[in-house]
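# Coordinate inspection notes
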Amino acid sequence: MPELPEVETVRLGLIPHLEGQVITKAGAFSRKLRLPIPEDFAKKLTGRRIIQLHRRAKYILIDMAGGLSVILHLGMSGQILISRFEANTPFKPAKHDHFFWETAGGMRLVYHDPRRFGLVAFSKTDNLPLHPLIKNLGVEPLSNAFNGPALKAALAGKTCTIKAALLDQRIIAGLGNIYVSEALYRAHIHPTRKAGSVSLARIETLVAMVRAVLREALKSGGSSLKDYVRVNGELGYFQHHFDVYDRAGRGCRSRGCGGAVRRIVQNARSTFYCPRCQT
DNA sequence: ACGCCCACCTGGAGGC
DNA sequence: TGCCTCCAGGTGGGCG
């Protein structure tokens, strides 16, 4: 579900409730996520102070006192919710709640994930860059390292489609199925084009459009299709601004185009594009 | 090494 | 109402 803008919105929403706080209580329930929840989850977290929240790709990284970091991923349907809790009222998990913690400031974090593709893991803070979940991630698309020449070089010789390449987290870290379709539409690049064959000039445009669509989505608090919500339960609203995603058969929004958005399947995932505007 | 397929899960929507 | 199929913001293991 959540791509970079949704994960970043969650991180920004968590910061005021978590940074500097001490965890007074924590608990986990038995069902396994993408990875098993660490057995010592509650023991490791109880009494520990939260220092700082970061993001890498679609992972939220929480640095704690004592050199411990928590790695969180929302998978397709994960939610992290924060709410004030009443003193002396034990947490009763709802269906698909997998773990929680409470802070001295009176807030309770709950991780909820029906499909269980998300995960929580621990790492030593020092070793985070080398952690197996993190070490192979590519460039952050909102960083200066993401630029035309660098992307052109990363795509050189690739025979897969540009769509598949943009989804590859080892190349660009944080794009998902929605924003890849949206960025390719804005850059006028056909999603079936071979990644290595796109000219530098068009790659430069693509870089700018990836940035633009991520920034705009972030401003809108992300896109809520089904499961994604902010930490206070509110919806994002960038879904109202999609040009192509989930708009098959409807009119292309480009002035004077008059064509219709088409849906195709690439690598078993939907792609939406305008056959007239994208070549 | 690379590209592709599939599995991992649950639930909602739509067809009959 | 029910049952069946298809579909969904992600990821990585295994295969050719």
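Residues numbered from 1 in each chain as written. Chains lettered and ligands numbered in written order. Predicted model: local features only at pLDDT ≥ 70, side-chain atom pairs only at ≥ 80, totals over all residues. Heavy atoms only, no water.

### What to know about the pattern of salt bridges
Within the structure shown, the criterion is met by 10 salt bridges. Ionic pairing is found between Asp-168 and Arg-170, a salt bridge with its closest N-O pair at 2.9 Å. Of the residues examined, Asp-168 reaches a relative accessible area of 17% and is grouped as buried. Relative accessible area serves as the criterion here: at 60%, Arg-170 is assigned to the exposed category. In this structure, Arg-253 engages Asp-243 in a salt bridge whose closest nitrogen and oxygen atoms are separated by 3.6 Å. Here Arg-253, found in the loop between α6 (200-219) and β9 (262-266), pairs with Asp-243, found in the loop between α6 and β9; they are 10 residues apart in sequence, far enough to count as distant. Through salt bridges that share partners, Glu-8, Arg-11, Arg-55, Arg-56 and Glu-140 make up one connected network. (Salt bridge = Lys/Arg side-chain N within 4 Å of Asp/Glu carboxyl O. Buried < 20%, exposed > 50% of the residue type's maximum accessible area, 1.4 Å probe, protein only. Helix = DSSP H or I, 4+ residues; strand = E, 2+ residues; numbered from the N terminus.)

### Here's the deal with the packing of helix α1 (residues 4-18) against α6
Interaxial distance between α1 and α6 falls to 9 Å at its minimum, and their mutual angle equals 40°. With respect to α6, the element α1 is oriented oblique. Judged by the sense of rotation from one axis to the other, the crossing of α1 with α6 is right-handed. Contact residues: Pro-5, Glu-8 and Thr-9 in α1; Leu-214, Ala-217 and Leu-218 in α6. A breakdown of the residues in the contact of α1 with α6 according to their chemical character gives 4 nonpolar, 1 polar and 1 charged. (Axes fitted to C-alpha atoms, helices over the stretch in contact; angles between N-to-C directions. Parallel < 35°, antiparallel > 145°, perpendicular 65-115°, else oblique. Left-handed = near helix turned anticlockwise from the far one by under 90°. Contact = heavy atoms within 4.5 Å. Nonpolar A, V, L, I, M, F, W, Y, C, P; charged D, E, K, R; others polar.)

### Observations concerning unusual backbone geometry
In the Ramachandran plot, Asn-88 falls in the positive-phi region, its phi being about 65° despite a non-glycine side chain. Position of Asn-88 relative to the elements: it lies in the loop between β5 (79-84) and β6 (97-103). Asn-88 gets classed as exposed once you look at its relative accessible area, which sits at 79%. The residue Asp-246 is not glycine, and still its phi comes out positive at about 60°. One can find Asp-246 in the loop between α6 and β9.

### Overview of the domain arrangement of chain A
Domain annotation for chain A reports domain 1 (4-130) and domain 2 (148-245). For domain 1 and domain 2, the distance between their C-alpha centroids amounts to 27 Å. Contacts between domain 1 and domain 2 engage 17 residues on the former and 18 residues on the latter. The junction of domain 1 with domain 2 conceals about 1,500 Å² of combined surface from both sides, 67% of it contributed by carbon and sulfur atoms. Its largest share of buried area at the contact with domain 2, domain 1 owes to Pro-5, Glu-6 and Thr-9, together 35% of the area lost on that side. In this structure, the connection of domain 1 to domain 2 is made through 0 salt bridges. The tally of links from domain 1 across to domain 2 stands at 6 residue pairs in polar contact (both at pLDDT 80 or more). Listed by contribution, the elements that provide at least two residues to the side of domain 1 that touches domain 2 are α1 and β5. Here the side of domain 1 that touches domain 2 takes 8 residues from α1, the largest share from any one element. For the side of domain 1 that touches domain 2, the residue count by class is 9 nonpolar, 4 polar and 4 charged. (Domains from an automatic or database assignment. Buried area = accessible area lost by both parts, 1.4 Å probe. Polar contact = N/O pair within 3.5 Å; in protein donor to acceptor, adjacent residues only side chain to side chain.)

### A few points about the environment of Pro-38
You can see Pro-38 is positioned in the loop between β1 (23-28) and α2 (41-45). On a C-alpha basis, the gap between Pro-38 and Ala-121 in space is 6.7 Å, while along the polypeptide they are 83 residues apart. Residue contacts for Pro-38: discarding those within four places in its chain leaves Val-120, Ala-121 and Phe-122.

### Quick notes on the protein's contact with DNA strand B
Neighbouring DNA strand B are the residues Arg-31, Lys-95, His-96, Pro-114, Arg-115, Arg-116, Phe-117, Lys-158, Thr-159, Cys-160, Lys-226 and Asn-267. Within 4 Å of the protein, the contacting atoms of DNA strand B are drawn from sugar and phosphate to the extent of 67%. For the surface near DNA strand B, the class distribution of residues is 3 nonpolar, 3 polar and 6 charged. (Near = heavy atom within 4 Å.)

### A word on the packing of aromatic side chains
Inspection of every chain in the model, using the stated rule, returns 10 aromatic pairs. Each ring, one from Phe-29 and one from Phe-91, has its centre 6.2 Å from the other, and the planes form 45°; the classification is tilted. Pair noted here: Phe-29 is in the loop between β1 and α2 and Phe-91 is in the loop between β5 and β6, with a separation of 62 residues, a long-range link. Residue classification places Phe-91 among the buried positions, given a relative accessible area of 16%. Centroid distance Phe-238 to Phe-242: 6.0 Å. Interplanar angle 70°. Geometry classified as edge-to-face. Like Phe-242, Phe-238 is buried. Taken together, the ring pairs connect Tyr-179, Phe-238, Phe-242, Tyr-245 and Phe-272 into an aromatic cluster. (Phe/Tyr/Trp six-rings, centres within 6.5 Å; stacked < 30°, edge-to-face > 60°.)

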